[in-house]
Amino acid sequence: MKRKIKVLIADDHELVRTGLGSLIDLEDDMKCVGMVKNGALAVELAVKVRPDVVVMDLVMPVLGGIEATAKVVAECPAAKVLILPTYGSADELRQAMEHGASGAILKTAPNDEILEAIRKLAAGTSIAFPSEEADPSGDPDLGPGGDLPGIVSPFDKEAFVMKIHPTAIVED
């Protein structure tokens, strides 16, 4: 039997934690190994359970997602952090990636995209915009109404920022 992907969920909304945890536990190849309501508890539990993937909200009490991401990655280098915000500015997502997050997907993304993002990170694959493979130009599709796409990777973030803010200055 193939080893299941161990997933830790950190979100301050109980409905999100329990809903995503239930969704993960329905998958044959995944197991929710913990659910916490703040970033400090995420770091503490990650050290104990050594998850493959930590699904992390950005805005949480006690310790926010960006700071918690840095601590999780420092304490558990094998763990991949998937940022799962309700919304997120390009700057917040950039900060999360700079602090060690491996990818991001909005909570509004379809369930199957969230599950696929977890699988990709666990396998060591980078996450790209869903439409990037279909678009040979590599230009990310902003989706209906110009919304932020469901999946964001460190490699796509700069292209996304420049598409929505052509005059933006991106600092390294």
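Below is a short write-up of the structure. The shown structure was predicted, so the numbers you read here are calculated from the model rather than taken from an experiment.

### Some remarks on the pairing of strand 4 (residues 80–83)
Link 1 in the chain: With 4 bridges connecting them, strand 3 (residues 53–56) and strand 4 associate as parallel partners. In the strand pairing of strand 4, Val-55 is matched with Leu-82.
Link 2 in the chain: In this fold, strand 3 hands off to helix 3 (residues 65–75), which returns the chain to strand 4; that crossover is right-handed.
Link 3 in the chain: Both strand 4 and strand 5 (residues 103–105) contribute to a ladder of 2 bridges, which runs parallel. From the neighbouring strand, Leu-82 faces strand 5, where its bridge partner is Gly-103.

### A look at unusual backbone geometry
Link 1 in the chain: The backbone of Arg-50 sits at a positive phi, close to 50°, despite the residue not being glycine.
Link 2 in the chain: With respect to the element layout, Arg-50 can be found in the loop between helix 2 (39–49) and strand 3.
Link 3 in the chain: The partly exposed category is assigned to Arg-50, whose relative accessible area is 40%.
Link 4 in the chain: Not every positive phi belongs to a glycine, and Val-62 is a case in point at roughly 70°.
Link 5 in the chain: Tracing the backbone shows Val-62 in the loop between strand 3 and helix 3.

### A few points about the side chain of Asn-38
Link 1 in the chain: Looking at the secondary structure, you find Asn-38 in the loop between strand 2 (30–36) and helix 2.
Link 2 in the chain: On the basis of relative accessible area, Asn-38 is assigned to the buried category, the value being 7%.
Link 3 in the chain: Not counting residues up to four positions away in its chain, the partners in contact with Asn-38 are Met-60, Pro-61, Val-62 and Leu-63.

### Here we look at helix 1 (residues 14–25)
Along an α-helix, a turn takes 3.6 residues, which lines up residues three or four apart on a common side.
Link 1 in the chain: Between its first and last C-alpha atoms helix 1 spans 16 Å; for 12 residues at 1.5 Å apiece the expected length is 16 Å, and the two agree.
Link 2 in the chain: For helix 1, the full list of buried residues reads Arg-17, Leu-20, Gly-21, Leu-23 and Ile-24. In an axial view of helix 1, the angular spread of the buried residues amounts to 160°, which keeps them on one side of the axis. Opposite the buried face of helix 1, at more than 90 degrees from it, the exposed residues are Glu-14 and Leu-15.

Reading guide: rules and limits
- Residues numbered from 1 in each chain as written.
- Predicted model: local features only at pLDDT ≥ 70, side-chain atom pairs only at ≥ 80, totals over all residues.
- Heavy atoms only, no water.
- Pairing = 2+ DSSP bridges.
- Helix = DSSP H or I, 4+ residues; strand = E, 2+ residues; numbered from the N terminus.
- Right-handed = clockwise from strand over helix to strand, strands pointing away.
- Buried < 20%, exposed > 50% of the residue type's maximum accessible area, 1.4 Å probe, protein only.
- Contact = heavy atoms within 4.5 Å.
- Expected span 1.5 Å × (residues − 1).
- Arc of directions from axis to C-beta.

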